[in-house]
Amino acid sequence: MKRRTRSWLFYLYSTANILGSTLALAGVGLFFLGLIDDYWYLIVLGLYAVGYRLAPKQVDMHLDSQLLKEDEMKAAEQFIDHAIMHLSAPAADALSRVWLVLSDLLKRLDRFDPHDKVVHDIHQTATHHLPDLLIPYLELPPAFARFHPLKDNKTARELLIEQLNKLESTLNKTLHDALNQDIEKIRIQGAFLDQTFAQGKDWLPL
């Protein structure tokens, strides 16, 4: 999607534009009802401007990459809680399931060598891969994410849920192998996580 087209679509689907347009249409309705007459077009434009200004601003969902490791997990947990609050029910449910499995895995990391790549991969999934997956989605206007078709005629929300379901499936296998102390399988799954979820914004075809 070209940058100019993307910017226009993001504006069109933005909460500010939707709220402004709703108030402007209300102003047009008042004109047709005869409740306003002179300078009605200025009133309509004014109502749009009021709606645009009153719309809630986009929340900054980025994580500070300079955090110490012990602080990263706390920040990641807060990020996930905040993200769940800003997702619609199907996506929030998928993310909650992923974080539940990931949290269970994180509690079991003390049974591994702290220098083992297994520990690094699981930690990276919690503090980097999962946020990298979520941030591009959370930066989208909510209406765009839910209704505008993208790849294979699927919306961004549907693509996000697919990605989260894929991640949940891999993490469930990793948890199963962790319980069975199958370190080699865990390493293979960790490599899969690195390849699949370390691409940042590339998963969204924008």
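What counts and what doesn't
Residues numbered from 1 in each chain as written. Predicted model: local features only at pLDDT ≥ 70, side-chain atom pairs only at ≥ 80, totals over all residues. Heavy atoms only, no water. Axes fitted to C-alpha atoms, helices over the stretch in contact; angles between N-to-C directions. Helix = DSSP H or I, 4+ residues; strand = E, 2+ residues; numbered from the N terminus. Parallel < 35°, antiparallel > 145°, perpendicular 65-115°, else oblique. Contact = heavy atoms within 4.5 Å. Nonpolar A, V, L, I, M, F, W, Y, C, P; charged D, E, K, R; others polar. Expected span 1.5 Å × (residues − 1). Bend = angle between axes of the 7 residues up to and from the residue. Buried < 20%, exposed > 50% of the residue type's maximum accessible area, 1.4 Å probe, protein only. Phe/Tyr/Trp six-rings, centres within 6.5 Å; stacked < 30°, edge-to-face > 60°.

J.: Could you give me a rundown of the packing of helix α6 (residues 117-138) against helix α8 (residues 156-179), with the residues and numbers involved?
T.: Two elements in contact, α6 and α8, have axes whose closest approach is 10 Å; the angle formed by their N-to-C orientations is 170°. Accordingly, the angle class assigned to the pair α6 and α8 is roughly antiparallel. Packed against α6, whose contacting residues are Ile122, Thr125, Leu130, Leu133, Leu134 and Tyr137, the element α8 presents Ala156, Arg157, Leu160, Gln163, Leu164, Leu167, Leu171 and Thr174 at the interface. Class assignment for the residues of the contact of α6 with α8 results in 10 nonpolar, 3 polar and 1 charged.

J.: Pulling in residues and values, what's your account of α6?
T.: If you check α6, its first and last C-alpha atoms are 30 Å apart, about what 22 residues at 1.5 Å a residue would give, namely 32 Å. Along α6, the sharpest kink reaches roughly 50°, centred on Thr125. Along α6, 18 of the 22 residues are buried, which leaves the element largely enclosed by surrounding structure.

J.: Describe unusual backbone geometry, naming the residues involved and giving the relevant values.
T.: If you check the backbone angles, Asp152 has positive phi at about 55° while not being a glycine. One can find Asp152 in the loop between α7 (142-147) and α8. Owing to a relative accessible area of 61%, Asp152 belongs among the exposed residues under this scheme. Positive phi outside glycine occurs at Asn153, with the angle close to 65°. Tracing the backbone through its elements, the reader meets Asn153 in the loop between α7 and α8. Accessibility expressed as a relative area gives 63% for Asn153, which makes it exposed.

J.: Break down the packing of aromatic side chains for me, citing the residues and quoting the values.
T.: Each aromatic ring pair is characterised by the separation of its centres together with the angle its planes make. Going through the model one piece at a time under the given rule, you end up with 8 aromatic pairs. A centroid spacing of 6.4 Å and a plane angle of 40° characterise the contact between Tyr11 and Tyr52, whose relative ring orientation is tilted. With a gap of 41 residues between them, Tyr11 in helix α1 (residues 3-13) and Tyr52 in helix α3 (residues 40-54) connect regions that are remote in the sequence. Ring centres of Trp40 and Tyr41 lie 6.1 Å apart, and the angle between their planes is 85°; on these two criteria the pair is classed as edge-to-face. Judged by its relative accessible area of 30%, Trp40 falls in the partly exposed class. The partly exposed category is assigned to Tyr41, whose relative accessible area is 44%. By way of ring pairs, the aromatic residues Trp8, Tyr11, Tyr48 and Tyr52 are connected into one cluster.

Without other data, these values stay purely geometric and don't point to any function.
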